[in-house]
Each structure stands twice: as structure tokens, then as C-alpha cells.
Amino acid sequence: IAIAEEQMQSKPTISDSSKMESITDILHQLFHTAICAAFPDITDPPVVIAVAASNPKFGDYQCNSAMPIANIYKQSARNLAQKILDNLPSHPMVEKCEIAGPGFINIFLNRDYAVKKLQAIFQNGVQPPTVERKKIIIDFSSPNIAKEMHVGHLRSTIIGETIARLLEFLNFEVHRINHIGDWGTQFGMLIAHLQDRFPDHLEKMPPISDLQSFYKEAKERFDEDEEFKKRAYDSVVKLQSFEPKHIKAWKLICDVSRKEFQKIYDRLDITLKERGESFYQTRTEKIVKELEEAGFLENDDGRKIMWGDESTTVPFTIVKSDGGFTYDSSDMAAIKHRLQEEKADWVIYVVDSGQATHFQILFACAKKAGILDPKKHRVDFVGFGVVLGEDKKKFKTRSGDSIRLVDLLDKGLEKALDKLKEKGRDKVRVLTPDELKRAQESVAYGCIKYADLSHNRNHEYIFSFDKMLEDKGNTAVYLLYAFTRIRSIARTANFTPEKIKELSKKENISLEHEKEWKLGKVLLRFPDEILKTLNDLYPHHICEYVYEIATTFTEFYDSCYCVEKDSSGDIVKVNYGRILLAEATAMIMEKCFHILGLKPVEKM
Ligand code: ARG
């Protein structure tokens, strides 16, 4: 749910020849101008722009505004379409427009314009569309200390990383925050148990390698032993008032978890700055006082609660009856820190959909308390569905335990290697051991990330190595192979990246053939796809787009030769315009891969 009333809309740039522009934004602007001029008495006219269906005679884009306007004026839509065209400003991007059927306006793009925009890639690289710079805090991954980091956290980690990469590509100031659960009541029993098991822990690092079983032991004692339970409670109080010995014990426990988390982050190439719940302790004390003084808190059977607005039906618990703080109160302190101290313009929370209500209340309470100003700030809850096993039940091991992420990644590596062997890629002539290892990691981690990202994040998805490692369909394996093949086209013709750059100064990308033009148009949609994803934060748009690039490329390659060889394998003819088109395709795919966290390899 995006609650900011004023969503950040990208502002179309006026023709800047050095980069690709959003075609729909430009068309929107042009037709907005035309419709306003043609029908000055309509305020806020409907401007409907769409990509045209694949038949070339319908043009490349369409404006479908004449029909809704015809409903207002009770006139023929074809006549109104003509009126719109009479008022349409000229633009180098638009070659011509035609009226068709009941009043569709078919828009044909100018091919020289298209060539020029794609050609710019070789000089400047794949550049992002221009957007107003904002400071953004993105809260993702956020596992809990001592409890396991589960597949839900893996989803948050993968989706969050991709959104962060997208925002960084657009040149926003991005802060990636790991809101680790490092301050809950569970620390009382962990510390008390640590004191008993390792009385010398303050002098000597205790040899705890498996924090999960340590947690289990502590929990068992907590549930059974009244005296232990009492000590656990005392420990929390001492910890939260920063008693040095307790802080030291707490740090020890956090360090063990932190090392485990870091292993996962390193393997998946994830960057995060840790700022856990403990960071907000003193700020929570402060905000609770402020909320109390402002009269926002209500006494409910000893608890202090705060209500959001009419849209929410449950209150936040700001202070528990024993005086302790909660997940709710630390999130209130955190949102205040982010918007007021850090002065972020936009805060994004990537958390499972089970917490949707929590964030709805958080945003409502923050608005009520004057922390969140919808005119100034944008806040998004980026939710996602649960991960299921192949039996469509909650993802667990056969014995019913939850799956450790390290084991999952190891399994991925194993399966990826099997796949490569199945294709005979382990033979020395094909790949060296080093290349094989790189391919293995690229496939394993790539397929896990891609399977997650390519599904609409709102839905649950079924985790299946067999599905994600298929080499047909919209999978990482298919795309990584497609990419390697495209890159090898230029290589067989002996073109290095430097030579391509040189070539692009003399030769133009070829967009004459029907299939060349079809591919070129898909590539030109890059800025639009990026902006669409920026707007709604659904990474699967980028997956669908990069898959469309790969399949459209195959269509092009099937009917257009790039390098012609004779029967002995010698090159007899090179079509330079097509080599450039293939290279532009690879460069745009590579940018999408980077955003999705896929690491293509030159050979696989
Ligand atoms: N640690 C929480 C969990 O595992 C997620 C925290 C999300 N971020 C936040 N600001 N509440 O469920």
C-alpha cells in the first residue's frame, strides 16, 4: 500500500540525445497538449496511451482517448480523433499518426530517432531515465537474533536488494537498513542461560556455534522453571537499562547470529547496514513520553495503546502492562528517526504480507502524531506472500523443521552443478574448473533469486529447484544462456567491447527488417519498464521485460543473419548493423540482470 497522496511521478525530460527517454511519457505529454487544445472545456482529460498490438499496420503505439471523449460530447470518435491530431505538436520521435476503426489513433515512431537513442548506449552505457533526486531508506531482510533466519527473510532479502539496486540505478540516495530483531524479551532467557552454561563468558568467548539449539534449551528452561523465568525477566530489565555485564553478554549472542547472517549475505551479494531495534531504545523512551504528553495514549487494562485512523481496527500497544516496550513502539521510534532525524523523503518496508496490518497502523499513527506528512513523504509497505514447498504446504524439511538457509543455498549449488554436467559443461574442453565454478554459482544463486523475483510478490510461490533450473521458459537458466549466446555473436566475429564502440561511430544499428524493428522497439521500452517498477515496486515487471527481450531476440536471430560463414566455418560476411543491435540487446539485458542480482558469465 502506497499511502502518499502525492506519488512521485517521473518528469519526462525534453529531448536529451544522450539517453533513452520514456516513450509513453513523451506521448502522454504530446497528446495531453493536443487534447487540451482541442477540447479546452474538459478539465483533466483522459489521455490513454498504449503499446500497439504486434501487427505492424496498427503502428507502434496507440492513443485511445477519442472514445471516452466521444462519450462526453456525443459525437463520432473518428471526428474527435481528427481534432486531436490537428492539435498535436510535432516531435522528432513521432513519424506519423493514423486514425483507424472507431477512432483509435495509431502512432508510428520515427526510425532515425530510434536509431539515435539506441546508438547512444555505446557511448554512454545504459543510462537511467531522469527522476528528481530523493533520500530513501529501505528496510529489508531484518531477521531476528537467535531465532532462525527463514525463507520469509530470504524473500525480503532478495526483493529488498533488487528494489535497492533499482533505486540506486536511478541515482537516488539509498540507505539499506537491516532492522534486526535484537532487543526483544527473548534476550532475558538467553542471557540468563548464558550465565549458567558459560559462567566465564565475560572473559572467554563461549563456543556457541548453533544458536538455534541454544535458544531451544533456554526456551525449555523458561517454560518449565519458575525461578529461571524470574531471572530471565530481571535480565531483560537490566539489559534495557544498559547494565554493562548484560550488554556484554547480549553483544556476544548478537555476534554469533551476525556471523551466520553475514555468510548468507556474502554468498548472495547483498549489502545492508545493520540498525537493529536496540538502536532505538532511548528514542523509544522519548517518543513514548511525547505521545503520552500529546494525549495520544489510552489506558487499556494497564497497557498503553494508541489508535490510528478509521481505516484501522486494532490499536498499537505502545507500552505493555509490565512497562516494557514492544515491536510497535520501536517502529514508532524508527519511523520518526527516519523521517525527522534522517530526513528521508521516502521509506520502504519490505516485510511479509502477514504484517500488512502492523504497517497500516504504523503509518496511520505516524500521520496522527504529525511525524508522517503525506504531502512531503512517501511510505510504502512492500509485502510478499509465503514460500511453499512442492507439496503446497509451508516450506519445511521432511522432518517438519524449518529449512536452514545455508542448507538451501548448498542444495542449490549441488543441483546447479548437476544441471551443468547434464549439459556436458564439465568437460575440460568446454569450461575450465574455474569457469565451471563461476557458472555453478551464477546458476544456483541466480535461479533462487529469479524464481522469487519473477512471481508477483503478493502471491505465495512454490519453491522448486527442478522448476527454477529448467532451461525453457521464464527462468534464470534460460536467460543466462540466452545472454551468453548473444554475447558470443560479436565474439565469433572478433569484436571486443572496444571495437564495438569504435564500430558504433561509423555504423548505425540496423532497424530496417521487420524483426530488427520489433526488437529495437522492445529495447526502447527500457526506461518505461524501469519507471513502471519504480512506481509500484513490483520487480516481476523487470523479469517479464528481460524475458521478452530474450524471446524477441531469438525471433530476430532466426530470421536475420549477423555473421555468415561458409562451409569450412570461415567468416564471409558480417552485418555490422546487426552486430550492434545484438550488442545493445546484451547491454540492456546486463543492466536488468544487475538490478535482479543475476551474475552472467561469459561462458557457460
Ligand atoms: N524482524 C521482523 C520479523 O522478522 C521484521 C522487521 C521489519 N522491519 C520493521 N521495521 N518492522 O518479522
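Residues numbered from 1 in each chain as written. Predicted model: local features only at pLDDT ≥ 70, side-chain atom pairs only at ≥ 80, totals over all residues. Heavy atoms only, no water.

Participant: Please set out unusual backbone geometry residue by residue, giving values where relevant.
Facilitator: A positive phi angle, close to 60°, is found at phenylalanine 242, a residue other than glycine. Looking at where phenylalanine 242 falls in the secondary structure, it is placed in the loop between helix 8 (226–240) and helix 9 (244–268). Judged by relative accessible area, phenylalanine 242 falls into the partly exposed class, the value being 40%. Positive phi is not limited to glycine here, since aspartate 301 has a value of about 55°. For aspartate 301, the position within the fold is in the loop between strand 8 (298–300) and strand 9 (303–306). A relative accessible area of 78% means that aspartate 301 is categorised as exposed. (Helix = DSSP H or I, 4+ residues; strand = E, 2+ residues; numbered from the N terminus. Buried < 20%, exposed > 50% of the residue type's maximum accessible area, 1.4 Å probe, protein only.)

Participant: Which residues make up the pattern of salt bridges, and what values go with them?
Facilitator: Inspection of the entire model under this criterion finds 44 salt bridges. Between arginine 165 and glutamate 161 there is a salt bridge; the shortest N-O distance is 2.6 Å. Pair noted here: arginine 165 and glutamate 161 are both in helix 5 (residues 151–169), with a separation of 4 residues, about one helical turn. Across this residue pair, the class does not change: arginine 165 and glutamate 161 are buried. Between arginine 525 and glutamate 529 there is a salt bridge, with its nearest N and O atoms 3.3 Å apart. The network of salt bridges with common partners includes Glu161, Arg165, Glu168, Arg176, Asp269 and Lys599. (Salt bridge = Lys/Arg side-chain N within 4 Å of Asp/Glu carboxyl O.)

Participant: Outline the pairing of strand 11 (residues 346–350), supporting the account with residue identities and numerical values.
Facilitator: Here is the key point about a regular strand: its side chains alternate between the two faces of the sheet. Most of strand 11 sits inside the fold, with 5 of its 5 residues counted as buried. Burial along strand 11 is two-sided: the face carrying Trp346, Ile348 and Val350 and the face carrying Val347 and Tyr349 are both buried. Bridge analysis of strand 5 (residues 135–139) against strand 11 gives 4 bridges, and the strand direction is parallel. Directly across from isoleucine 137, in strand 11, lies its bridge partner valine 347. Bridging between strand 11 and strand 12 (residues 378–382) involves 5 bridges; their strand directions are parallel. Across the sheet, residue valine 347 finds its bridge partner in strand 12, namely valine 379. Traced from strand 11 through helix 12 (residues 356–368) to strand 12, the parallel crossover comes out right-handed. (Pairing = 2+ DSSP bridges. Right-handed = clockwise from strand over helix to strand, strands pointing away.)

Participant: With reference to specific residues and values, describe the environment of lysine 501.
Facilitator: For lysine 501, the location among the structural elements is in helix 17 (residues 497–506). Overall, the relative accessible area of 36% leaves lysine 501 in the partly exposed class. In this structure the C-alpha to C-alpha distance between lysine 501 and alanine 100, which are 401 residues apart in sequence, comes to 42 Å. Setting aside chain neighbours within four positions, we find lysine 501 in contact with Phe122 and Gln123. (Contact = heavy atoms within 4.5 Å.)

Participant: Which residues make up the site of the ligand, and what values go with them?
Facilitator: Around the ligand lies a shell formed by Asp139, Ser142, Asn144, His153, His179, Tyr327, Asp331, Tyr349, Val351, Gln355 and Phe359. Take serine 142: an N or O atom from its main chain is 2.9 Å from a nitrogen atom of the ligand. Within the side chain of aspartate 331, an N or O atom sits 2.8 Å from a nitrogen atom of the ligand. Within the complex, 90% of the 350 Å² of free accessible area of the ligand lies under protein. Classifying every residue of the shell around the ligand gives 4 nonpolar, 5 polar and 2 charged. (Near = heavy atom within 4 Å. Polar contact = N/O pair within 3.5 Å; in protein donor to acceptor, adjacent residues only side chain to side chain. Areas by Shrake-Rupley, 256 points an atom, 1.4 Å probe, with all protein chains shown as cover. Nonpolar A, V, L, I, M, F, W, Y, C, P; charged D, E, K, R; others polar.)

Participant: An account of helix 12 is needed here, citing residue identities and associated values.
Facilitator: The terminal C-alpha atoms of helix 12, which comprises 13 residues, lie 18 Å apart, in line with the 18 Å expected from a rise of 1.5 Å per residue. Here the buried face of helix 12 lies against strand 9, strand 10 (316–319), helix 11 (327–341), strand 11 and strand 12. Positive backbone phi, approximately 75°, marks glycine 370, located one or two places after helix 12. (Expected span 1.5 Å × (residues − 1).)

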